[in-house]
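Chain by chain, the residues:
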Amino acid sequence: MEEYNENSRFISILSDYGFKATFGNEADTTFLKKALQALIDSPVPIKSVEFVKNDISAITIDSRSGIYDIACVDENDSHFIVEMQLSEYPEFIQRMKFYALHRFNTFVKKGDYKFENLPKIYCIGILAKNIFSQITDYHNISVLRNAKNEIIDDQMTFITVELAKFMKPEQEIETDLDKLIYTMKNLHKVTEASQFPKFWDEEWLKKAISEVDLRNMTSEQKLAYEMVISANALAVKNENKKIQEAKNVEQEK
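Structural notes, computed from the coordinates. (Residues numbered from 1 in each chain as written. Predicted model: local features only at pLDDT ≥ 70, side-chain atom pairs only at ≥ 80, totals over all residues. Heavy atoms only, no water.)

### Observations regarding the environment of Phe31
Here's step 1: Note that Phe31 resides in helix H2 (residues 30-39).
Here's step 2: In sequence terms Phe31 and Lys206 are 175 residues apart; their C-alpha atoms lie 8.6 Å from each other.
Here's step 3: With residues up to four places along the chain from it excluded, the contact list for Phe31 reads Thr22, Phe23, Leu180, Trp204, Leu205 and Ala208. (Helix = DSSP H or I, 4+ residues; strand = E, 2+ residues; numbered from the N terminus. Contact = heavy atoms within 4.5 Å.)

This is the structure we're talking about:
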């Protein structure tokens, strides 16, 4: 999936810098709160959200695969882990389980191995590539259910969004989730305000868009953005070099 468009006015939200500037914006969580509410499909607005240290990786950059990990908690002590995955990763759901279970174990240990009143954990994966070949829906919410599809437990909820499956045109966008996904997939392709869909005037999206608008960035912010691009390019170059070296070794055998 294309992340950068050199003629665009906006940085892609799918990029390392764009994801941190929007989802990871600690100074203003307006966008994050609305995005989380849409992703977990909750009718109840999230009033406040606070970033917390992710015991595994905090907020990290993996330049090879374009991953940002975000951990936060809302006013009801519900915990959210959000991961972006741009490259192929068929086993991504296993990593989601690893993160969620690590957080679960942390809660249990803090409670002296008591299991009552544990806070909810929402583990959210936003993927550029598809991982569920048998599922057509682009947005999936999973909890523990029995064979009759009855809920056994919803203390841990796994949410996946497969961006490649989202094909709705602008005129069919209605829900906040669709507005979010449409924006993530298309913002960096836009060059002029005349191309804006009407829903980009909504406050939560307007704030996010402002954060990745190159015209609004200070010289320091532009430098930070260019440094991220440079680091990513170098990481990709080094990774390709390793792959080629491995192929050469294999051919020499």
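### Description of unusual backbone geometry
Here's step 1: Here Asp77, not a glycine, exhibits a phi torsion of approximately 65°, which is positive.
Here's step 2: Mapping Asp77 onto the fold places it in the loop between strand S3 (67-74) and strand S4 (79-85).
Here's step 3: Its relative accessible area of 39% is what places Asp77 among the partly exposed residues.
Here's step 4: Notably, Asn149 is not glycine yet its phi reads approximately 70°, a positive angle. (Buried < 20%, exposed > 50% of the residue type's maximum accessible area, 1.4 Å probe, protein only.)

### Notes on the pairing of strand S5 (residues 121-127)
Here's step 1: With 7 of 7 residues buried, S5 lies mostly within the body of the structure.
Here's step 2: Because side chains alternate across S5, one face comprises the buried residues Ile121, Cys123, Gly125 and Leu127, and the other comprises Tyr122, Ile124 and Ile126, equally buried.
Here's step 3: Pairing of S4 with S5, which is carried by 7 bridges, proceeds in the parallel orientation. Looking at S5, one finds that His79 is bridged to Ile121.
Here's step 4: Note: S5 against strand S7 (residues 151-162), 7 bridges, orientation parallel. Across the sheet, Ile124 pairs through a bridge with Ile159, a residue of S7. (Pairing = 2+ DSSP bridges.)

### Let's talk about helix H4 (residues 176-186)
Here's step 1: With 10 of its 11 residues buried, H4 lies for the most part within the structure.
Here's step 2: Packed against the buried residues of H4 are H2, S4, S5, strand S6 (139-145), S7 and helix H5 (203-211).

### Notes on the packing of aromatic side chains
Here's step 1: If you walk through the whole model with that rule in mind, you get 13 aromatic pairs.
Here's step 2: Taking the centre distance of 5.9 Å and the plane angle of 65° together, the rings of Phe98 and Tyr99 count as edge-to-face.
Here's step 3: A relative accessible area of 49% means that Phe98 is categorised as partly exposed.
Here's step 4: Ring pairs connect the aromatic residues Phe10, Tyr182, Phe196, Phe199 and Trp200, which therefore count as one cluster. (Phe/Tyr/Trp six-rings, centres within 6.5 Å; stacked < 30°, edge-to-face > 60°.)

### Let's talk about the side chain of Ser12
Here's step 1: With respect to the helices and strands, Ser12 occurs in the segment before helix H1 (16-22).
Here's step 2: Classification of Ser12 as buried rests on a relative accessible area of 1%.
Here's step 3: Polar contacts involving the side chain of Ser12 include one to the main-chain amide nitrogen of Leu14, which spans 3.0 Å. (Polar contact = N/O pair within 3.5 Å; in protein donor to acceptor, adjacent residues only side chain to side chain.)

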